[in-house]
Amino acid sequence: YIGSNFARRALAEGVDVVVFDNLSRGHREAIPEKAAFFEGDLLDKESIGRCFAEYEIDAVVHFAAFAYVGESVENPALYYENNVVGSFNLIDAARRADIRRFVFSSTCSIYGNPERVPISEDEPDKPINPYAQTKLAIEHMLRDYSAAYGMRYAALRYFNAAGAAFDGETGESHDPEPHLVPITLNTAMGKRDKIFIFGDDYPTPDGTCVRDFIHVDDLADAHLLALKYLEDGGESTVINLGTGDGNSVKEIIQRAEKITGKKIPTETAPRREGDPARLVADNAKAKKLLGWKPKHDADAVLESAWRWHQNQRY
Ligand code: UDP
């Protein structure tokens, strides 16, 4: 989802892209036509080596991971193998191929239940589920590789990635779908009867969780800027990517009703385990180091996603 959107934006900026994917949870239709495609698997070291031998690669942008918190709690083995072992294979293959620049998709869930919100990169790392543990393990791997082998990386800690390309060409399509924005819009479409609000007794203004929804185009921009930062000699670093603004679950549903013109039925359900009350980014570091500025707000997220959902290609 995030990778295909980045690939399109990078190609539009004149960057050559080789997509490496096993298509286990991705969609072939999401691969941009102009990108080269190598069907390989991060758990198959040899396939990574072949890809690096076939193409001249300057930098790796690593999006490949399983990303369902609930699944990671039920089946951590799957997550440690796919995310940690797969990433190790990739990072090590990059070292052996002498690829020195690496951009990694990390997550704000590394902060667990943060003590201070907005959350800066100084907040301690306290993951509370196996998914976040795997992402932190990969960051540590990169840190050690950076110190020992001179590989430089930017670990980008996304807040809630959402929205779709404004031309409706790429968007979010997960099965099962755990995320708030697509579930809300699928309910507006009539594909679901109602949306369950997981907890309305949080210590927030309306009692529902507050999240920082960051548009995938803004994420794509940040990746391009991170590549440039590394190309210009920037040091290895960890950077939060969020808008700095929070929206509650109820607010998102209300805004979606306005944008879609549909009634979106809700039902209050128990809290979902492991959901912190508020996750909002302090994005000062991204602004300062990368010169990045998010352009889209929650309404743009919902508008673009609504366009995608009404005419979903995959
Ligand atoms: N959420 C909800 N109902 C749903 C899906 C999500 O109330 O059907 C809430 C969830 O509890 C969280 C917020 O929406 O507070 C965002 O959840 P999502 O899974 O989209 O992203 P996360 O914050 O877990 O990365």
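Below or above, wherever it landed, is the structure these notes cover. Quantities reported herein were computed from a predicted structural model and do not represent experimental measurements.

Along the polypeptide, Lys34 turns up in the loop between β1 (18-21) and β2 (36-39). What makes Lys34 exposed here is its relative accessible area of 66%. Note: C-alpha distance between Lys34 and Pro265 (231 residues apart in sequence) is 41 Å.

Moving on: the site of the ligand. Taken together, 13 residues form the shell around the ligand, and within it Leu180, Phe196, Arg211, Arg272 and Asp275 come nearest. Asn160 places a side-chain nitrogen or oxygen 3.0 Å from an oxygen atom of the ligand. Phe198 is positioned with one of its backbone polar atoms (N or O) 2.9 Å from an oxygen atom of the ligand. In the complex, the protein chains occlude 87% of the 520 Å² of accessible area that the ligand would expose alone. Of all elements in the fold, only α6 (180-188) and β7 (195-198) reach the threshold of two or more residues within the shell around the ligand. Top element by residues in the shell around the ligand is β7. It accounts for three residues.

Attention shifts here to the pattern of salt bridges. Following the criterion strictly, the structure yields 23 salt bridges and no others. Three or more residues joined by partner-sharing salt bridges are found here, namely Arg9, Asp217, Asp221 and Lys295.

Strand order across the open sheet formed by three strands is β11-β8-β13, with mixed pairing between neighbours. Unpaired on one side and paired on the other, β11 (247-248) and β13 (278-279) mark the two borders of the sheet. Looking at chain direction, strand β8 (residues 210-211) and β11 are connected through two bridges and run antiparallel. Along β11, the bridge assignment pairs Arg211 with Asn247.

The subject of this paragraph is the side chain of Ser87. Mapped onto the fold, Ser87 is located in helix α4 (residues 76-96). Of the polar contacts made by the side chain of Ser87, one reaches the backbone oxygen of Asn83; its length is 2.6 Å. Residue contacts for Ser87: discarding those within four places in its chain leaves His62, Asn82, Ile138 and Met141.

Here we take up the sheet that holds strand β10 (residues 237-241). The parallel open sheet is built from four strands, whose spatial order is β3-β4-β5-β10. Either end of the sheet is taken by a strand with one partner, and the two such strands are β3 (59-62) and β10. Strand-to-strand, the axes of this sheet are offset by a mean angle of 20°, without reference to chain direction. Taken together, the four bridges between β3 and strand β4 (residues 101-107) define a ladder with parallel strand orientation. Each bridged residue has a counterpart across the sheet, and for Ala59 the counterpart in β4 is Arg101.

Cut-offs and rules
- Residues numbered from 1 in each chain as written.
- Predicted model: local features only at pLDDT ≥ 70, side-chain atom pairs only at ≥ 80, totals over all residues.
- Heavy atoms only, no water.
- Helix = DSSP H or I, 4+ residues; strand = E, 2+ residues; numbered from the N terminus.
- Buried < 20%, exposed > 50% of the residue type's maximum accessible area, 1.4 Å probe, protein only.
- Near = heavy atom within 4 Å.
- Polar contact = N/O pair within 3.5 Å; in protein donor to acceptor, adjacent residues only side chain to side chain.
- Areas by Shrake-Rupley, 256 points an atom, 1.4 Å probe, with all protein chains shown as cover.
- Salt bridge = Lys/Arg side-chain N within 4 Å of Asp/Glu carboxyl O.
- Pairing = 2+ DSSP bridges.
- Contact = heavy atoms within 4.5 Å.
- Axes fitted to C-alpha atoms, helices over the stretch in contact; angles between N-to-C directions.

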